[in-house]
Amino acid sequence: MVMSKPAPARPSEAEIWAALAEVPDPEMPFVNLVELGIVRELGWDGGRLQVTITPTFAACPAYEVMQTDILAGLQALGLEETEVLVRHNPPWSSEWISAGARRKLQAAGLAPPPRHQGDLLTVLMDPVACPRCGSEQTSLRNSFGTTPCRMIYTCNDCQEPFEMFKPL
Amino acid sequence: MNAKQKAALAEYLIALADDELILGHRNSEWTGHAPILEEDIAFANLALDEIGHARLWYELAADLLGVDRARFPDQQVFFRPAADFRSLQLVELPKGDWAFSMLRQYLFDAFEQHRLTGLSESSHMPLAEIAVRVRNEELYHLRHTRAWVTRLGLGTEESQARMQAALNALCPYARGLGAALPGEADLPLGIVPESAALYAAWLDEVSAFLAEAGLKLPGETALAETERRAHSEHMAALIAEMQEVARLDPEAEW
């Protein structure tokens, strides 16, 4: 007679979120995918965990790496059959980045995206503070940067170039 | 929507995607060749964004057609003959000088803001959702190209002359933006905005903006081809180059 193996205990939701909070952003490893607001929701389809993510910029080249990293991060919990679902609605917004992640961005020399409450064009007229010296005497050098989600500034006081995470 | 309308909307979205893809491909040709490093980065990003947006439209078309959305974009991009693309000649034209590429991007981006605003009000929810997302990203393009059009238009004698020459060359092709997209006529009201109305709003906007940049729209010129089935002589070479690697080994895993 064949004995069926007992199903391994399913990890708790808190354990899963904790594991996901260990998955770094591929291009900004000092912040994780949960605090960036990219991981949206957990669900179960029978025994299979479903993680719903909302990518930041449509053309973000890191987005496929994120899916692989999420699956690898959850394997450590014994979740072998996880599925990553991609949802575009509502579209990702930089307003979803947590306060903690904004501090980490700032500490890494990347100016956090200004709060915009849906009005991008107005907020882009506001001065951007240098993440190093705090001066607001800064100039935009390029609306595009090293990744789709960044733009390049120079600080006129400390003379350092820096990047800002684009408000979206 | 019934099956016929779904097919019409898929046709419309594939034409939109083709425009974004081909413009993105042309922009990518500036990588390593732009006049300054910042613009090299900017054009590489513009290219990446446009190709990313093309992918979203192809995926949405796949859903409407009931085919595999993971495979459909690559099939469309790498394994379709040039004659089956529905892009406008405006986006196929070689990149020209930097004034030409910048102005083409501006004209296209300005039109896209009108179209995306219309699409964001679509009664087909998946389409409206993607349109909002793409429109927010495209705001950065328009902001960038507007700044450069003004700077070059009001810059030196040479930059002004190059911009005016680019405008004269592009205008007949830009009229293609106002022609109804494939499938548009077969869709019920409220799914997509009417291209002719978008064109009128766009023309008002760009005329005023270009005048402030010291540039003048040419008067009535010979109408270039606006039919999306008719491609310029440049299209076959572009497609051959774009598809070359994928066709070497169609089954390759990347």
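Residues numbered from 1 in each chain as written. Chains lettered and ligands numbered in written order. Predicted model: local features only at pLDDT ≥ 70, side-chain atom pairs only at ≥ 80, totals over all residues. Heavy atoms only, no water.

1. Brief notes about the overall build of chain A
Within chain A, the regular secondary structure consists of four helices and seven strands. Written out in order from the N terminus, the α and β elements of chain A read α-β-β-α-β-α-β-α-β-β-β. In terms of overall dimensions, chain A has C-alpha extents of about 80 × 30 × 25 Å along its principal axes. Residues classed as buried in chain A amount to 48% of the 168 residues present. Taking all contacts inside chain A whose residues are at least 6 apart in sequence as the whole, residues at least 24 apart take part in 51%. With the model as given, the accessible surface of chain A reaches about 8,400 Å², and the carbon-plus-sulfur share is 51%. The distance from the centre of the 13 positive side-chain charges to the centre of the 20 negative ones in chain A is 1 Å. (Helix = DSSP H or I, 4+ residues; strand = E, 2+ residues; numbered from the N terminus. Buried < 20%, exposed > 50% of the residue type's maximum accessible area, 1.4 Å probe, protein only. Contact = heavy atoms within 4.5 Å. Areas by Shrake-Rupley, 256 points an atom, 1.4 Å probe, with all protein chains shown as cover. Lys, Arg positive; Asp, Glu negative; His and termini not counted. Charge placed at Lys NZ, Arg CZ, Asp CG, Glu CD.)

2. Comments concerning the layout of surface pockets
Computed from the structure, the largest pocket encloses a volume of approximately 2,100 Å³. Contributions of two or more residues to the lining of the largest pocket are made by α2 (63-75) of chain A together with α1 (3-28), α2 (37-65), α3 (72-78), α6 (125-153) and α9 (235-248) of chain B. The biggest single contributor to the lining of the largest pocket is α2 of chain B, with ten residues. Grouping the amino acids of the lining of the largest pocket by side-chain chemistry returns 26 nonpolar, seven polar and twelve charged. (1 Å grid on protein atoms, 1.4 Å probe; cavity = no way out; pocket = protein on both sides within 12 Å on 5 of 7 lines; lining within 4 Å. Points joined across faces, edges and corners; volume = space filled by probe spheres on them. Nonpolar A, V, L, I, M, F, W, Y, C, P; charged D, E, K, R; others polar.)

3. Some words on the pairing of strand β2 (residues 48-53) of chain A
Residues and elements named next belong to chain A. Most of β2 is tucked away: five of the six residues are buried. For strand β1 (residues 39-45) and β2, the ladder comprises six bridges, and the chain directions are antiparallel. Counterpart to E41 in the pairing with β2 is T52. Across four bridges, β2 lies against strand β3 (residues 83-86) in parallel orientation. (Pairing = 2+ DSSP bridges.)

4. Quick look at helix α5 (residues 98-119) of chain B
With 22 residues, α5 of chain B should reach 32 Å at 1.5 Å per residue; the first-to-last C-alpha distance of 31 Å fits that figure. Among the 22 residues of α5 of chain B, 20 are classified as buried, and the element is accordingly described as predominantly covered. (Expected span 1.5 Å × (residues − 1).)

5. Quick word on the environment of D25 of chain A
All names here are of chain A. Tracing the sequence through the fold places D25 in the loop between α1 (13-20) and β1. Once the C-alpha coordinates of D25 and V65 are considered, the two residues, 40 residues apart in sequence, prove to be 9.1 Å apart. In this structure D25 touches V31, N32, L33, L36, I38 and M66, once residues within four positions along its chain are discounted. At 2.8 Å, the side chain of D25 and the backbone nitrogen of E27 are in polar contact. (Polar contact = N/O pair within 3.5 Å; in protein donor to acceptor, adjacent residues only side chain to side chain.)

6. Points about unusual backbone geometry
Within the chain, Q117 of chain A stands out as a residue other than glycine whose phi angle is a positive 50 degrees. Relative to the assigned elements, Q117 of chain A resides in the loop between β4 (110-111) and α4 (120-123).

7. Section: the interface of chain A and chain B
Where interface size is quoted, it is often the accessible area lost as the parts come together. Taken together, the contact between chain A and chain B spans 29 residues of the former and 23 residues of the latter. Contact between chain A and chain B buries roughly 2,200 Å² in total, counting both sides, with carbon and sulfur atoms accounting for 62%. In terms of surface lost to chain B, no three residues of chain A exceed A58, H88 and F144 of chain A, which account for 28% of the buried area on that side. Between the two partners, chain A and chain B, sit one salt bridge. Linking E64 of chain A and R55 of chain B is a salt bridge whose minimum nitrogen-to-oxygen distance equals 3.4 Å. For the pair chain A and chain B, the interface holds eight residue pairs in polar contact (both at pLDDT 80 or more). Looking at the side of chain A that touches chain B, the elements that each hand over two or more residues are α2, α4, β5 (138-142) and β6 (150-155) of chain A. Residue classes in the side of chain A that touches chain B are distributed as 18 nonpolar, eight polar and three charged. (Buried area = accessible area lost by both parts, 1.4 Å probe. Salt bridge = Lys/Arg side-chain N within 4 Å of Asp/Glu carboxyl O.)

8. Points about the packing of α6 of chain B against helix α7 (residues 157-174) of chain B
Residue and element names in this part refer to chain B. For the pair α6 and α7, the least separation of the axes is 7 Å and the interaxial angle reads 120 degrees. Comparing the axis directions of α6 and α7 gives the class oblique. Residue-level contacts link V149, L152 and G153 of α6 to S159, Q160 and M163 of α7. (Axes fitted to C-alpha atoms, helices over the stretch in contact; angles between N-to-C directions. Parallel < 35°, antiparallel > 145°, perpendicular 65-115°, else oblique.)

9. A short note on the packing of aromatic side chains
On inspection of all chains with the given rule, the structure shows eight aromatic pairs over all chains. Here the aromatic residues W30, F43, W98 and W148 of chain B are joined through ring pairs into a cluster of three or more. One Lys or Arg, R40 of chain A, reaches over the ring of W96 of chain A and ends 3.6 Å from the middle of that ring. Looking at K166 of chain A, its charged tip hangs above the ring of Y140 of chain B, at a distance of 4.7 Å from the centre. (Phe/Tyr/Trp six-rings, centres within 6.5 Å; stacked < 30°, edge-to-face > 60°. Lys NZ or Arg CZ within 6 Å of the ring centre and 35° of its normal.)

10. Comments concerning the packing of α1 of chain B against α9 of chain B
Residues and elements named next belong to chain B. The geometry of α1 relative to α9 is characterised by a closest axis approach of 12 Å and an angle of 80 degrees between their N-to-C directions. Considering their axes alone, α1 and α9 lie roughly perpendicular with respect to each other. For the pair α1 and α9, contact is made by L21, I22, H25 and R26 and by M235, L238, I239, E241 and M242, respectively. A per-class count over the contact of α1 with α9 returns six nonpolar, one polar and two charged.

11. Concerning the nonpolar core
L13, W57, L103 and Y106 of chain B are the most contacted members of the largest nonpolar core, which has 78 residues in total. Aside from chain neighbours lying at most four places away, what touches L13 of chain B is W57, L60, A61, L64 and L127 of chain B. Counting residues in each nonpolar core, the second largest holds 42 residues, with V39, F57, L110 and L168 of chain A among its members. (Core = buried A, V, L, I, M, F, W, Y, C linked by side-chain atoms within 4.5 Å.)

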